[in-house]
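# Residue-level structural notes
The lines below spell out each chain.
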Amino acid sequence: MGMSEATTTTRMTEMTQKPEVTGMLSTLRAIPGLRRAWPEHRSSGSTSVSIECVDGEGRLRAGHVTAGAIPDLLPYATDPALPALSTHLTGALVVHRAGRRAVVMEDSRVRKIVRPHRAVSLVRAHTSAASVLRVTGLRTPRILGNEDDVVDLELLPGRSLDELGDAGLPGWQRLTDSWAHLAHDKADLPVHGPRQETEVLRRWFASAQRHGVIDQPAPLHEQVVDTCLSLREDDGERVIAHRDLHDGQLLWDGIDLSLLDLDTAAMAEAALDLGNLWAHADLMAVQGRLGPGAHAQVRGLLDNLARTLPTTTERLETYYRSSALRLVFVHAFRPTTHQWLPIWVRHCLGHASPFAPPRPRQRLEQLMTPLKLTVIGCGYLGAVHAAAMAHLGHHVL
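Quick look at the structure, then. All residue numbers refer to positions counted from 1 along the written sequence of the respective chain. Whole-chain, interface and lining totals are the exception, using all residues; otherwise, since this is a predicted model, local features are given only for residues with pLDDT of at least 70 and side-chain atom pairs are given and counted only at 80 or more. For side-chain calculations, the full set of non-hydrogen atoms in the structure is used, while hydrogens and water are omitted.

### Here's the deal with the sheet that holds strand E1 (residues 34-39)
- For two strands to be treated as a pair, DSSP must find at least two bridges joining them. Helix and strand assignments come from DSSP, with helices taken as H or I runs of at least 4 residues and strands as E runs of at least 2, each series counted from the N terminus. Within the open sheet, the four strands sit side by side as E1-E2-E3-E4. Their pairing is antiparallel. Where the open sheet ends on each side, the last strands, each with one partner, are E1 and strand E4 (72-73).
- When strand E2 (residues 48-54) meets strand E3 (residues 60-66), the two strands line up antiparallel, connected through seven bridges. Within the sheet, the bridge partner assigned to serine 50 lies in E3 and is histidine 64.

What follows is the structure, given as structure tokens:
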């Protein structure tokens, strides 16, 4: 066995070890007002999860939690790693990931707060991406100013395609009409190739398995291994890529389509962005945020776009599977996703493909029949959902 084969075997063995932590999901479910949670990827042995929640006074709080423990929350709008964050806010704190970043929404600008000395690289990446994205005609936020650990961006109009649902179809049309213009442009951006994509997918699976938040680790592991091998089989032509292109990054105001978070831009295969966008569109349908008719139209638009890009069916399917699997592991840390995550997992285990859409939301009863879930209702919408799930024979608490 060669060195590279041995390394691969060792990594895959590490990925299939039994999780050392149990009860993380029940711990997360017990946190009042939990919005989001992220594993700590930087340390493979970390038992801590970063959380963002809304406290009893309606304020956004960030912190960490370990399985079975009480959350360790930072004081509101305070973070030792983010000295620019202060309780003297001139807007709404809308994002706070402890020790990493915060976002404050003001009347005319969006203030991104990062760790000291990190703003320079963020500005550089944003500026490089914005300059090459002009060819698409998409609107991007102007940088209004920056300091060592703060970047102020123009507040753009519109609502996200995520929020608009079916009403966002004109925005999807604008995107697919515009995106093909990037197919042959080059830029001085970091490279995100098959190796980098493989590492991202492996890291997310390892974190989800280590914390015990996925129900079917063995078959999901098989899909991860197969997808990583497929990613490494080729390294197609590289084009300008956003690297995190999805419905939440796109704002439509009825006239202009705006693209956010340009600091992730890279040179990558065209299938990276398209596969990720396609997987998110299919996930919107599974979540019920995109109706069957609108979903079919979006898929048609993406299929037409694929024909104009320098990629192949095989590469698109591979990057789609990578994105679809990553979405399983990302959302596994968010307890409210129990309503639809089993459907998405089933889609991924059934050889997920952009050319084989997940079953529509209205066929939930047939799709979920073999599964018996425990549903925790919460609030009015939770109660409505709980009643529906009880009707389907699931256990409701």
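After that view of the structure, there is still more to cover.
### Focus: helix H9 (residues 292-306)
- In a regular helix each residue adds 1.5 Å, so 15 residues correspond to 21 Å; H9 covers 21 Å between its end C-alpha atoms and thus fits that length.
- Each residue gets one of three labels from its accessible area relative to the maximum for its type: buried under 20%, exposed over 50%, partly exposed in between, using a 1.4 Å probe on protein chains only. For H9, the full list of buried residues reads Ala294, His295, Val298, Arg299, Leu301, Leu302, Leu305 and Ala306. An end-on view of H9 places all buried positions within 160° of arc, on one side of the element.
- We call two residues contacting when some pair of their heavy atoms lies within 4.5 Å. Buried residues along H9 sit against helix H5 (169-179), helix H8 (270-287) and helix H10 (313-331). Under the convention used throughout, the expected extent of a helix is 1.5 Å for every residue step, that is, one less than its residue count. This arc is taken over the directions from the axis of the helix to the C-beta atoms.

### Digging into the pattern of salt bridges
- Salt bridges, as used here, are contacts in which a Lys or Arg side-chain nitrogen is within 4 Å of a carboxyl oxygen on Asp or Glu. Overall, the coordinates contain 21 salt bridges when judged by the stated rule.
- Put simply, aspartate 263 and lysine 112 hold a salt bridge, and the shortest N to O gap is 3.7 Å. With aspartate 263 in the loop between strand E13 (257-259) and strand E14 (266-269) and lysine 112 in strand E7 (residues 109-114), the pair connects residues that are 151 residues apart, well separated along the chain.
- Owing to a relative accessible area of 29%, aspartate 263 belongs among the partly exposed residues under this scheme.
- The class of lysine 112 is buried, set by a relative accessible area of 14%.
- What emerges from the salt-bridge pattern is a single network uniting Asp55, Glu57, Arg59 and Arg61.

### Regarding the nonpolar core
- Take the buried residues of types Ala, Val, Leu, Ile, Met, Phe, Trp, Tyr and Cys, join any two whose side-chain atoms come within 4.5 Å, and each joined set is a nonpolar core. Grouped together as the largest cluster of nonpolar side chains are 77 residues, with contacts concentrated most on Leu28, Trp179, Phe329 and Trp344.
- With nine residues, H8 is the largest single contributor of residues to this core.
- Beyond its immediate stretch of four places on either side in the chain, phenylalanine 329 contacts Leu201, Trp204, Phe205, Ala208, Ile214, Leu220 and Val224.
- Core analysis: the second largest hydrophobic core is formed by nine residues, Leu60, Ala77, Leu82 and Val150 among them.

### Concerning the environment of glycine 165
- With respect to the secondary-structure elements, glycine 165 resides in the loop between helix H4 (161-164) and H5.
- With residues up to four places along the chain from it excluded, the contact list for glycine 165 reads Met284, Arg289 and Leu290.

### Quick notes on unusual backbone geometry
- The phi dihedral of alanine 77 falls on the positive side, at around 55°, and the residue is not glycine.
- Structurally, alanine 77 is set in the loop between E4 and strand E5 (92-97).
- Residue alanine 77 is classed as buried on the basis of its relative accessible area of 1%.
- Look at arginine 243: it is not a glycine, yet its phi comes out positive at around 80°.
- Judged by relative accessible area, arginine 243 falls into the partly exposed class, the value being 35%.

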